[in-house]
Amino acid sequence: MKLSLWRASLAPWAFAVGGLVLTFYPSLGSGFRLTEHDAIDSRMNNYVLEHGWRWLTNDSAHASYWDPPIFHPVTNVGAYTDVLLGTGPVYWAWRALRLAPDLAFQAWPMTLPMLNFVAAYLMLRTAFGAPKLAASSGGFLFAFSSARTARLGHVQLYQHFFAALAVLAVARLFRGTEGAPRERAWIALLFACVAAQLYASYYLGWFLGLALALAMVWGFAFGDTRAQLLDLLRRRWAALVIAVGFTGIALWPLASHSLAAARTVGLRPYESVDLP
C-alpha cells in the first residue's frame, strides 16, 4: 500500500521531468550550445524579452515598454508583435539570477511547459477529481504533446497555463458549494487569467475568450446549467461587474497600443494569415 502511494506521488514528477527531457534533449544534451528555434520568431522573442528586462532595470535606451529602440524614428513598435508581458516575468527571473540573455532565453521555453504541466495537473485534480496518475498523464499531454512541441520555434504559442487555470476557476464556480469569499476569489482568478493570457499570447488569449463565450452560450441552452448560470449571476453580480471593470482597465494599454499600430500599418486581411 505504501509503495503504491509512493509511486502515485512520484508520477507527476516523472511525467514532468520526462516530458522536459524528451522535448528539450537537443539543448540539454549539447550543454545549452544548441537552441530550439525558428529563424525569425526566436530572434524576435528574445529581443522582446530582453527589451522588457532592460525596461524593468531602467536602461535609458529602453525607457518605454511600447517603444523598443528599433525602426527609429517609428514609435509604438512594441505593439507590432507579441508583447510577451504575460510570461516576461519568467525570463526576467532567469535574468535576475544573472543568466546571460541567450541562456535565459533557453531557460524561458523550458519553464513554460513545466508551468503548463502544473496548471493542467491542478485543473484535472482539483476541478475534476482525477487520480494522480490520470492527472499526470493529462498534464503531460497538455504540456508536451506533439501539438505543443511542433511549436517550439514559436514559443509565443507555448504559454498556455493561464487558460488551464481559467478552466479550473470556471469548474469551481459551478460547484455551488464554495462560499462567498472563495467564489469571489475564483471570479477574480478567471478574469485575471483571461487578461494574462492575452498579454502572454494574443492568439491563445483570443481562443480562450472565444471558448468561454461559446461555453456560456451553450450553458444557457440547457435547463440545469442555465439555472446554475443565472444563480451565479444573481448571487455574484457585483463581483462579476468589478472583475469585468478591472479586466478592461488591465487590457486597455494593450488594446489602445494595438489599435494605434493598426491605424499606422493597417489591418491584415484574412488571406494573409490563411494557411494552405
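Residues numbered from 1 in each chain as written. Predicted model: local features only at pLDDT ≥ 70, side-chain atom pairs only at ≥ 80, totals over all residues. Heavy atoms only, no water.

**Notes on the packing of aromatic side chains**
This is how the line gets drawn: Classification of ring pairs uses Phe, Tyr and Trp, with its six-membered ring standing for Trp, and accepts pairs whose centres are within 6.5 Å; under 30 degrees between planes counts as stacked, over 60 as edge-to-face, and the remaining range as tilted. The way it works is that DSSP assigns letters per residue, a run of H or I at least four long becomes a helix, a run of E at least two long becomes a strand, and they are numbered from the N terminus. The rule is simple: take the accessible area with a 1.4 Å probe, protein chains only, and divide by the maximum for that residue type; under 20% is buried, over 50% is exposed, in between is partly exposed.
With the rule as written, the count across this model stands at 11 aromatic pairs. Between Phe15 and Phe140, the aromatic rings sit 6.0 Å apart at their centres with planes inclined by 70°, giving edge-to-face as the arrangement. Linking Phe15 in helix α1 (residues 2-29) with Phe140 in helix α5 (residues 132-144), this pair joins segments that are 125 residues apart in sequence. By relative accessible area, Phe15 is classed as partly exposed at 25%. Here Phe140 falls in the partly exposed class, since its relative accessible area comes to 22%. Look at Phe161 and Phe162: their rings are 4.5 Å apart centre to centre, the planes differ by 40°, and that puts the pair in the tilted class. Exposure class is identical for Phe161 and Phe162. Each is buried. Taken together, the aromatic side chains of Trp55, Tyr65, Trp66 and Trp92 make up a single cluster linked through ring pairs.

**Structural notes on the packing of helix α2 (residues 41-56) against helix α3 (residues 88-96)**
The following threshold applies: Axis lines are fitted through C-alpha atoms, for helices just across the contact stretch, and the angle between N-to-C directions can take any value from 0 to 180 degrees. Angle categories are assigned with fixed cut-offs, so that under 35 degrees is roughly parallel, over 145 is roughly antiparallel, 65 to 115 is roughly perpendicular, and the rest are oblique. Left-handed describes a crossing in which the near helix is turned anticlockwise from the far one by less than a right angle; the clockwise case is right-handed. Two residues form a contact once any of their heavy atoms are found within 4.5 Å. Basically, the charged four are Asp, Glu, Lys and Arg, the nonpolar ten are Ala, Val, Leu, Ile, Met, Phe, Trp, Tyr, Cys and Pro, and anything else, Gly included, counts as polar.
Put simply, α2 and α3 touch, their axes get as near as 9 Å, and they point 65° apart. The angle between α2 and α3 falls in the class roughly perpendicular. In this structure, α2 crosses over α3, and the sense of that crossing is right-handed. Contact residues: Asn46, Leu49, Glu50, Gly52, Trp53, Trp55 and Leu56 in α2; Gly88, Tyr91, Trp92, Arg95 and Ala96 in α3. Of the residues that constitute the contact of α2 with α3, the class distribution is seven nonpolar, three polar and two charged.

**Concerning the environment of Pro253**
For Pro253, the position within the fold is in helix α11 (residues 237-265). For the pair Pro253 and Trp66, spaced 187 residues apart in the sequence, the C-alpha separation amounts to 9.5 Å. With sequence-adjacent residues up to four places away left out, Pro253 is seen in contact with Trp66 and Tyr199.

**Focus: the side chain of Asn116**
To keep things clear, this is the line we draw: Polar contacts, as used here, are pairs of N or O atoms within 3.5 Å; protein pairs need one atom able to donate a hydrogen and one able to accept it. Residues neighboring in sequence count only if both atoms are side-chain atoms.
Relative to the assigned elements, Asn116 resides in helix α4 (residues 101-128). Judged by relative accessible area, which is 0%, Asn116 ranks as buried. A polar atom in the side chain of Asn116 sits 3.1 Å from the backbone nitrogen of His160. Those residues within four positions of Asn116 in sequence are excluded, and the remaining contacts are Phe142, Ala143, Arg148, Tyr158, Gln159, His160 and Phe161.

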